[in-house]
Amino acid sequence: MNRRKFLLYTMSCGCGLILPGCKTNPVTERRQLLMYPEAFINKQSEVFYKNFIRRSKISKDKENTELMKKIANDMIESIDKYFTKLKIPNPTSNYKWEYNLIDDIQVNAFCAPGGKIAVFTGILKYTKNKDGLAAVMGHEIAHAVAKHSAERMSRAIATETGFAVADVMTGGIAGKTRQAISEYMGLDILDIAVMKSHGRKQESEADYMGLAFSSMAGYDLNESVRLWKRMHEKDKNKKIPQFLSTHPSSKTRILQLRKWIPEIRSKFPYTI
Ligand SMILES: [Zn+2]
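Figured I'd write up the structure that's included with this text. Not measured: the values here are computed from a predicted model.

Basis of the calculations
- Residues numbered from 1 in each chain as written.
- Predicted model: local features only at pLDDT ≥ 70, side-chain atom pairs only at ≥ 80, totals over all residues.
- Axes fitted to C-alpha atoms, helices over the stretch in contact; angles between N-to-C directions.
- Helix = DSSP H or I, 4+ residues; strand = E, 2+ residues; numbered from the N terminus.
- Parallel < 35°, antiparallel > 145°, perpendicular 65-115°, else oblique.
- Left-handed = near helix turned anticlockwise from the far one by under 90°.
- Contact = placed C-beta atoms within 7 Å.
- Nonpolar A, V, L, I, M, F, W, Y, C, P; charged D, E, K, R; others polar.
- Buried ≥ 20, exposed ≤ 12 C-beta atoms within 10 Å, placed from the backbone.

**Considering the packing of helix 11 (residues 200–216) against helix 14 (residues 251–267)**
- Relative orientation of the contacting elements helix 11 and helix 14 amounts to 40°, with a least axis distance of 10 Å. With respect to helix 14, the axis of helix 11 lies oblique. Like other packed secondary-structure pairs, helix 11 and helix 14 cross with a definite hand, here right-handed. Touching Ser 204, Asp 207, Tyr 208, Leu 211, Ala 212 and Ser 215 of helix 11 are Arg 253, Gln 256, Leu 257, Trp 260, Ile 261, Ile 264 and Arg 265, all from helix 14.
- In terms of residue class, the contact of helix 11 with helix 14 is built from 7 nonpolar, 3 polar and 3 charged.

**Thoughts on the environment of Tyr 49**
- Mapped onto the elements, Tyr 49 comes out in helix 3 (residues 38–55).
- Take Tyr 49: there are 25 C-beta atoms within 10 Å of it, and that puts it in the buried class.
- Residues Tyr 49 and Ala 112, spaced 63 residues apart in sequence, show a C-alpha to C-alpha distance of 7.8 Å.
- Those residues within four positions of Tyr 49 in sequence are excluded, and the remaining contacts are Glu 98, Ala 112 and Lys 116.

**Topic: the environment of Met 68**
- In this structure, Met 68 sits in helix 4 (residues 62–86).
- Since 26 C-beta atoms lie within 10 Å of it, Met 68 is described here as buried.
- For the pair Met 68 and Met 137, spaced 69 residues apart in the sequence, the C-alpha separation amounts to 8.4 Å.
- The contacts of Met 68, once residues within four sequence positions are left out, are Tyr 99, Leu 101, Val 119 and Leu 133.

Rendered as structure tokens:
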């Protein structure tokens, strides 16, 4: 294939059809560039999480710890059942799920790659109840299930290498791309997965998938709207909860959640 033909083929097909680094999100069907090796990011995440837990104070609040564990287990089980029912590979089958409630006033929560969940006690005053906590956890678990960190890393590498299509085409990942990946592997996972905000598309996708997980696990989807409203009220008082520094709150988001709820209920019914 000559260069012109190659470029035409590339442009007309879209990256998803020809690049081995492109995948389709199995829940939302959005095309994603995923060429950053998942095994590496999960390994980095494991090291980060172990250190994070060692440095943190684990909460002694038994009730909320149990609640958090129940929500996580309900969601993990429903995710597994969802993919089994559809007979498609479960993207979380290699995850080593861990979850801890951290005694910290920060209004925050995360799920690092590979299923490493942390909820800070500071966010409980906004989540208020099991459905509110499920909304936060579903959203965070969604970022991990959708492999958003690996996608962001892949995009950064693609930008840095001038979107090395040819590299990916010939032998998967080669030359400059391989070098860029190895450089990126040295980065702090905390920076990649937890501290930086995800893009608008990823946030929106995590909202949608989070609702789907809440629905399949039997939680009240309307509480997600109330939760973001509570966050938004705090926002107006100019004291922005840390959670919002990485998860922008907006009226559009709340309207979108409201619009999605009936669709989610019928597409992702209770499964456990
Ligand atoms: Zn998010």
